[in-house]
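In case you want the letters, here they are:
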Amino acid sequence: MQFTAVVLMVMMAALLTWRMPEKVSDDRVTNRSRWLMTAALSLLGVQFAIQYIYGLRAMGVTQAVALNLTMFMPTSILLTMSILNLQRQGRIRPAEWAWSGVFYAVAMAILAVGCLVSGFDGLWLAEVAASVVYGAMQLWFTVLISRELRRMRSVLADYYDREPDSLIDWMQTSIILLLVMAITVPFFIFLSGWPLAAYGLFFFGAIANLWFSFIRHVIGSAAVRVKEAVESESKEQGAKDKLATPGDQRISQAVARWTAAGGHLQHNLKSADVAREMQIPCSHLVAWVKAEGYESFSQWMTTLRIDEAKRMLADHPAYTIEYVADSCGFSRNHFHTVFKRLVGVSPSEYQRVNEE
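Residues numbered from 1 in each chain as written. Predicted model: local features only at pLDDT ≥ 70, side-chain atom pairs only at ≥ 80, totals over all residues. Heavy atoms only, no water.

Asks: Explain the pattern of salt bridges to me, please; I cannot follow it from the model alone.
Replies: Oppositely charged side chains are able to pair whenever their charged atoms sit close together. Summed over the entire model, instances satisfying the criterion amount to twelve salt bridges. Close ionic contact of Glu228 with Lys270 constitutes a salt bridge, the shortest N to O distance being 2.8 Å. Remark: Lys270 occurs in the loop between α11 (249–260) and α12 (271–278) and Glu228 occurs in helix α10 (residues 222–238); sequence separation between them is 42 residues. On the basis of relative accessible area, Glu228 is assigned to the partly exposed category, the value being 28%. Overall, the relative accessible area of 21% leaves Lys270 in the partly exposed class. We note a salt bridge from Asp273 to Arg276, for which the minimum N-O separation is 2.8 Å. With Asp273 and Arg276 both in helix α12 and three residues apart, this pair spans about one turn of that helix. With a relative accessible area of 30%, Asp273 lands in the partly exposed category. Because the salt bridges share partners, they merge into one network encompassing Arg88, Arg93, Glu96, Glu148 and Arg151. (Salt bridge = Lys/Arg side-chain N within 4 Å of Asp/Glu carboxyl O. Helix = DSSP H or I, 4+ residues; strand = E, 2+ residues; numbered from the N terminus. Buried < 20%, exposed > 50% of the residue type's maximum accessible area, 1.4 Å probe, protein only.)

Here it is in structure tokens:
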């Protein structure tokens, strides 16, 4: 398993190093995340190679655990920072690097003191304490990137006209896997035999899932769309204009004119484009939407479109579901899912009941 792990880590790091540049050559943020992940995979490969070459597991659990902690902590730091770098579009705070270094330094100091006091063979208690520090560090990372994920969902929902979960679902999965690893690694690294082998399979699967999800995110359109939304939010935050209120007549009138002209029935709308059509700042439009009681721009758009779809289904029983969906700015599958969730019945059932 150690030999297989070395081969896998080398292959994954090599693909990020030599195959990815042509896909991300002009994207500084993605390139930085790519190199952070490459460094993490390389460290894991070195760790498994040392274990394989010197047979540390055969010597005893203590020697292997000391190496695991020494290499796993910087690996976790680099993997987490690669995700955080994407979430923040390159704006990782120096304090976050500093705190990561503090956690690692404390864990290594505990191991060093334990070795000086008890000798290498009596290092077990120090390794337990260092494992606790490792778990605390990864829990802190989990809170950090979970908070950023919630912010990203909010930014995307205020920028695109439909729920954008598919763009960043992989981050949610990665956060869960990293959390499970944070809880379990401090315990499982002390095991041996088949329990350790079984956990090793989970560990490799979690790392491979993160690597594959990252590549799919980068080579598809998701990375570009997320970057566009986040950069738009940054520009809007930079404009310290007075935000809208529910009674803002200028915006209410602009919205009324736009919806009366059927603007909300177009496909693939963005809040920035809608605001430009209304000739108002995007930050004002989003604030007005929320002041009117909607959670986000996407929820507001969905509500307007579903209301129009209900009217069309009730007034025109001869219309096909595909025609209604397309006329209201939906794809067929998305329309069926959203309609049933909000109305309680499928579009065809709603049309049949109204016809009867």
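Asks: I'm lost on a nonpolar patch on the surface in this one. Help?
Replies: A contiguous nonpolar patch, built from Phe3, Val7, Met11, Tyr52, Ile53 and Tyr54 and spanning about 680 Å² of accessible area, is present on the exposed surface. Mapped by element, the contributors of at least two residues to the nonpolar patch are α1 (2–19) and α3 (28–54). Topologically, Met11 is positioned in helix α1. (Patch = residues over 30% accessible without salt bridge, like charges linked within 9 Å, V, L, I, M, F, W, Y side chains within 5 Å. Areas by Shrake-Rupley, 256 points an atom, 1.4 Å probe, with all protein chains shown as cover.)

Asks: I would appreciate a short explanation of the nonpolar core in the present structure.
Replies: In summary, soluble globular proteins display a tendency toward joint burial of nonpolar side chains. In this structure, Leu41, Phe203, Ile207, Met278, Leu285 and Trp300 are the most contacted members of the largest nonpolar core, which totals 88 residues. Those residues within four positions of Met278 in sequence are excluded, and the remaining contacts are Ala254, Val255, Trp258, Leu285 and Trp300. Counting 13 residues, the second-largest nonpolar core is a separate cluster that includes Ile306, Leu313, Val324 and Phe330. (Core = buried A, V, L, I, M, F, W, Y, C linked by side-chain atoms within 4.5 Å. Contact = heavy atoms within 4.5 Å.)

Asks: Even after reading the chapter, I still don't get the environment of Tyr160, so can you show me in this structure?
Replies: Relative to the elements of secondary structure, Tyr160 occurs in the loop between α7 (124–157) and α8 (165–188). Using a relative accessible area of 5% as the deciding quantity, one classes Tyr160 as buried. Residues in contact with Tyr160, not counting those within four places in the same chain, are Leu167, Arg225, Val226, Glu228, Ala229, Leu269, Lys270, Phe297 and Ser298.

Asks: Explain the packing of aromatic side chains here, please?
Replies: When we look at a pair of aromatic rings, we describe it by the centre distance and by the angle of the planes. Following the criterion strictly, the structure yields 15 aromatic pairs and no others. Consider the rings of Tyr159 and Tyr160, whose centres lie 5.0 Å apart with planes at 90°: the pair is edge-to-face. Ring geometry for Tyr199 versus Phe202: centroids 5.6 Å apart, planes at 45°, classification tilted. Separated by three residues within a single helix, Tyr199 and Phe202 lie in helix α9 (residues 194–219), roughly one turn from each other. Classification of Tyr199 as buried rests on a relative accessible area of 9%. Taken together through their ring pairs, the aromatic side chains of Phe48, Phe72, Phe203 and Phe204 make up a single cluster. Directly above the ring of Phe330 sits Arg305, whose terminal nitrogen or CZ lies 6.0 Å from the centroid. (Phe/Tyr/Trp six-rings, centres within 6.5 Å; stacked < 30°, edge-to-face > 60°. Lys NZ or Arg CZ within 6 Å of the ring centre and 35° of its normal.)

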